[in-house]
Structures are given as C-alpha cells and as structure tokens.
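The residues making up each chain are set out below.
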Amino acid sequence: MKKVLGWILVFLLVFWIGTNPAPAADVARSLGDGVATIFRNIGTFFSDLAAG
C-alpha cells in the first residue's frame, strides 16, 4: 500500500510541475535558498566557535 501511495504522490508531483512550472520553480528556489541559509549559518557558527 505504501508503494502505491508513493507512486501516486510522485505522479501528482510530476503532473503539478508539468502544469505549473513557474510556481514549481518558485518552490524549488525557496527550498534551495533555505538549504543555502542553513549551511551558511552552520559555517558562521563554526567560524565564531573557532574564533573564541
């Protein structure tokens, strides 16, 4: 059952991206910005930690 639901979700995601590419690109950009911010903050943390 989980496998079937997983495939349905993948199909719906591909369908959404295919029919609405601009909002999908905005979501992808937002996720990428969020990941970049997380890594930037981790780097700042360790940099400040090393500086004392």
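All values derive from a computational prediction rather than experimental measurement.

Novice: Got a sec to walk through the overall build of the chain? Specific residues and values, please.
Specialist: In terms of regular secondary structure, the chain is built from 2 helices and 0 strands. The C-alpha radius of gyration of the chain comes to 18 Å, more than 25% above the 10 Å expected for a compact globule of 52 residues. Projected onto its principal axes, the C-alpha positions of the chain cover 50 × 30 × 5 Å. In the chain, which comprises 52 residues, the share counted as buried stands at 2%. Carbon and sulfur atoms make up 75% of the accessible area of the chain, which totals about 4600 Å².

Novice: How would you explain the pattern of salt bridges if you had to name every residue and give the values?
Specialist: Under the definition given, this model contains 1 salt bridge. Its salt-bridge partner being Asp26, residue Arg29 comes within 3.0 Å of it at the nearest N-O pair. Separated by 3 residues within a single helix, Arg29 and Asp26 lie in helix α2 (residues 21–51), roughly one turn from each other.

Novice: Quick rundown of the packing of aromatic side chains? Include the residues and the values.
Specialist: Per the stated rule, a full pass over the model turns up 2 aromatic pairs. With 5.2 Å between their ring centres and 70° between their planes, Phe45 and Phe46 make a pair best called edge-to-face.

Novice: Describe the packing of helix α1 (residues 2–19) against α2, and please don't skip the residues or the numbers.
Specialist: At a minimum axis separation of 5 Å, α1 and α2 run at an interaxial angle of 115°. Judged by the inter-axis angle, α1 sits roughly perpendicular to α2. Two secondary-structure elements touch here, α1 through Trp16, Ile17, Gly18 and Thr19 and α2 through Pro21, Pro23, Ala24 and Val27. Classifying every residue of the contact of α1 with α2 by side-chain character gives 6 nonpolar, 2 polar and no charged.

Novice: How would you sum up a nonpolar patch on the surface? Please name residues and give values.
Specialist: A surface patch of nonpolar side chains, about 880 Å² in accessible area, is lined by Met1, Val4, Leu5, Ile8, Leu9, Phe11, Leu12 and Phe15. Within the secondary structure, Phe11 is located in helix α1.

About the criteria used
Residues numbered from 1 in each chain as written. Predicted model: local features only at pLDDT ≥ 70, side-chain atom pairs only at ≥ 80, totals over all residues. Heavy atoms only, no water. Helix = DSSP H or I, 4+ residues; strand = E, 2+ residues; numbered from the N terminus. Rg over C-alpha atoms; globule rule 2.2 N^0.38 Å. Buried < 20%, exposed > 50% of the residue type's maximum accessible area, 1.4 Å probe, protein only. Areas by Shrake-Rupley, 256 points an atom, 1.4 Å probe, with all protein chains shown as cover. Salt bridge = Lys/Arg side-chain N within 4 Å of Asp/Glu carboxyl O. Phe/Tyr/Trp six-rings, centres within 6.5 Å; stacked < 30°, edge-to-face > 60°. Axes fitted to C-alpha atoms, helices over the stretch in contact; angles between N-to-C directions. Parallel < 35°, antiparallel > 145°, perpendicular 65-115°, else oblique. Contact = heavy atoms within 4.5 Å. Nonpolar A, V, L, I, M, F, W, Y, C, P; charged D, E, K, R; others polar. Patch = residues over 30% accessible without salt bridge, like charges linked within 9 Å, V, L, I, M, F, W, Y side chains within 5 Å.

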